[in-house]
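# Descriptive analysis of the structure
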Amino acid sequence: MRLVDTHAHIYLEEFDRDKPGMLQRAEEEGVEKIFLPAIDSGTHARMLNLEAEYPGQCISMMGLHPCYVKDNYEEELKIVEDYLAQRPFAAVGEIGLDFYWDRTFTEQQYKAFHQQIEWALRYDIPIAIHSRNATDECIEVVAGHQDGRLTGVFHCFSGNAIQAKKIADLGFYLGIGGVVTFKNSGLDKAIEDISLDHLLLETDAPYLAPVPFRGKQNEPSYLKYVLEKIAMIKRCTVEEVAAVTTANAMKLFNVSE
Ligand SMILES: [Zn+2]
């Protein structure tokens, strides 16, 4: 069984203690590729170093995370823009809107989101969207840019069935992670009628570890718990979920095997 973790921040210092072990465990569970979403310039070097150390296994995106859109966001965007011009990346990400913590930089978050979508279209690569407490707003922004060429994923999707359908209708994927294993998450109902063709697996490591590791540090090898839960919800085999979601990821990120 081959799996792809489409969203993991395994370059963060939480993993410094046991990086080879963590990646070894991922491989043993069939996790062949791990996509690394950027956060901001404070962690770019860590991300790119990990990618260089594990070529083909760890693959970088580039973008400015909405929680890191602050007063200096224009400088941060310039760094992203320069990287995108320098070399290929799997996606522009993670980008989007986050209205959970505070709304001080709402306007700047919108500007950064729009700008980075333009860059994804320029380089013809997908976007990885962070949409915490802002799913409808992110759907609206994506819909406004959708000219038939824009692709991407709503990472850590945790919305309802109506939002899930809108995202699928936009030609986007839903990134499903550990939240789907949480009691009363409601995600089972939200994705019940969504075709597997629109789903991707992700851990969002080190965050949001699935049951039975809820509250602990997450890692890519735990992807199998998400896989098993989706197979239950979709009433199909884990092999089928693995095959379809892996094919989806390869297609979205344009990875040849
Ligand atoms: Zn993330």
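Before any of the text, the structure's been laid out above.
This report concerns the structure included in the present document. Note that the coordinates shown come from a computational prediction; the quantities given were computed from them, not determined experimentally.

What counts and what doesn't
Residues numbered from 1 in each chain as written. Predicted model: local features only at pLDDT ≥ 70, side-chain atom pairs only at ≥ 80, totals over all residues. Heavy atoms only, no water. Helix = DSSP H or I, 4+ residues; strand = E, 2+ residues; numbered from the N terminus. Rg over C-alpha atoms; globule rule 2.2 N^0.38 Å. Buried < 20%, exposed > 50% of the residue type's maximum accessible area, 1.4 Å probe, protein only. Contact = heavy atoms within 4.5 Å. Areas by Shrake-Rupley, 256 points an atom, 1.4 Å probe, with all protein chains shown as cover. Donors = N, O, S within 2.8 Å, 3.2 Å for Na, K, Ca; no water.

Moving on, we get to the overall build of the chain. Along the backbone of the chain there are nine helices and eight strands. A compact globule built from 257 residues should have a C-alpha radius of gyration of about 18 Å, and the chain, at 17 Å, falls within 12% of that. The C-alpha extent of the chain, read off along each of the three principal axes, is 45 × 40 × 35 Å. Buried positions account for 57% of the 257 residues belonging to the chain. Look at the contacts in the chain between residues 6 or more apart in sequence, and 74% of them connect residues 24 or more apart. Counting every atom, the chain has about 11,500 Å² of accessible surface; 48% of that belongs to carbon and sulfur.

As a further point, take the coordination of the zinc ion. The protein atoms that coordinate the zinc ion are H7 (NE2), H9 (NE2) and E94 (OE), at distances of 1.9 to 2.2 Å. For the zinc ion, the donor residues sit on a single chain with the sequence spacing H-x1-H-x84-E. In terms of burial, H7 and H9 fall into one category: buried.

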